[in-house]
Amino acid sequence: MGKLGIDIIKIQQQGYTPLVAYEAWRVAVLRYCLDVRVDQLVTMQRHLKTDEVFVLMEGNCVLFTGGDGDHPEEIEWVKMEKNQLYNVKKGVWHTHALDEEGSVLIIENEDTSDDNSPTEALSENQINAIKKASLSFDNFFQKH
């Protein structure tokens, strides 16, 4: 911590990186990596104890959801826009695809982990729905 009482954290890593946690919350960043390419999305995750907030910082990101049932269901999506907050509610299945410039800020409970955030494989139909959806967003995934 500097003299001003401010931690400054430079974000350089690819993938998911926790940045700061305080008591019950954590701020992290998700930057482009191979796992978030649209052609690599084969699972969805949900959080059983918390909502999860996303804010697009750079590039492009599409947020996909699969409902709040016991398993992912119909795939819905939204192309994220900068300066908008996206709050995925507790229990909603979700995943995201980023382009190579993509960077998303994530705010969640500090105790969010694989123990309380199950991941489930998507069906072939769901995977195809994600790929089809990506084509409707100006083909930004196709340029990479």
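Calculation criteria
Residues numbered from 1 in each chain as written. Predicted model: local features only at pLDDT ≥ 70, side-chain atom pairs only at ≥ 80, totals over all residues. Heavy atoms only, no water. Salt bridge = Lys/Arg side-chain N within 4 Å of Asp/Glu carboxyl O. Helix = DSSP H or I, 4+ residues; strand = E, 2+ residues; numbered from the N terminus. Buried < 20%, exposed > 50% of the residue type's maximum accessible area, 1.4 Å probe, protein only. Pairing = 2+ DSSP bridges. Axes fitted to C-alpha atoms, helices over the stretch in contact; angles between N-to-C directions. Patch = residues over 30% accessible without salt bridge, like charges linked within 9 Å, V, L, I, M, F, W, Y side chains within 5 Å. Areas by Shrake-Rupley, 256 points an atom, 1.4 Å probe, with all protein chains shown as cover. pLDDT = per-residue confidence, 0-100.

**Student:** Sorry if this is basic, but what is going on with the pattern of salt bridges here?
**Tutor:** Side-chain pairs of opposite charge can arise where the charged atoms are in close proximity. One pass over the structure, following the stated rule, counts 5 salt bridges. Residue Asp111 is joined to Lys49 by a salt bridge in which the shortest nitrogen-to-oxygen separation is 2.9 Å. Taken together, the residues Asp111 in the loop between β9 (103-109) and β10 (119-121) and Lys49 in the loop between β3 (43-45) and β4 (52-58) connect sequence positions 62 residues apart. Residue classification places Lys49 among the partly exposed residues on the basis of a relative accessible area of 47%.

**Student:** I'm lost on the sheet that holds strand β1 (residues 15-22) in this one. Help?
**Tutor:** Pairing between sheet strands relies on hydrogen bonds along the backbone, with the strands arranged either parallel or antiparallel. The 5 strands lie next to each other as β1-β2-β9-β4-β7, forming an open sheet whose pairing is antiparallel. The open sheet is flanked by β1 and β7 (85-88), the only strands paired with a single partner. The average undirected angle you get between the axes of adjacent strands in this sheet is 25 degrees. For β4 and β9, the ladder comprises 5 bridges, and the chain directions are antiparallel.

**Student:** Looking at this structure, how should I read a nonpolar patch on the surface?
**Tutor:** On the surface, a nonpolar cluster with roughly 300 Å² of combined accessible area is contributed by Val20, Tyr22 and Trp25. Turning to its location among the elements, Val20 is positioned in strand β1. Owing to a relative accessible area of 37%, Val20 belongs among the partly exposed residues under this scheme.

**Student:** Whenever I open this one, the confidence of the model for the protein confuses me. Can you help?
**Tutor:** Keep in mind that low pLDDT regions are not for reading the predicted coordinates in detail. Mean pLDDT over the protein stands at 86; residues scoring 70 or higher make up 89%. Looking at the elements of the protein, mean pLDDT is at its lowest for β1, recorded as 79, and at its highest for β10, recorded as 97.

**Student:** Looking at this structure, how should I read unusual backbone geometry?
**Tutor:** For Asn83, which is not glycine, the phi torsion reads 65 degrees and is therefore positive. Considering the arrangement of structural elements, one finds Asn83 in the loop between β6 (76-79) and β7.

**Student:** Hey, could you run me through the pairing of strand β2 (residues 25-31) in this one?
**Tutor:** Strand residues, when the strand is regular, have side chains that alternate between the two faces of the sheet. With 5 of 7 residues buried, β2 is to be regarded as a mostly interior element. Two elements, β1 and β2, share 7 bridges in a ladder whose sense is antiparallel. Counted as the bridge partner of Tyr16 is Leu30 from β2. The antiparallel hairpin formed by β1 and β2 contains 2 residues in its connecting segment, where Glu23 sits at a positive phi of about 45 degrees.

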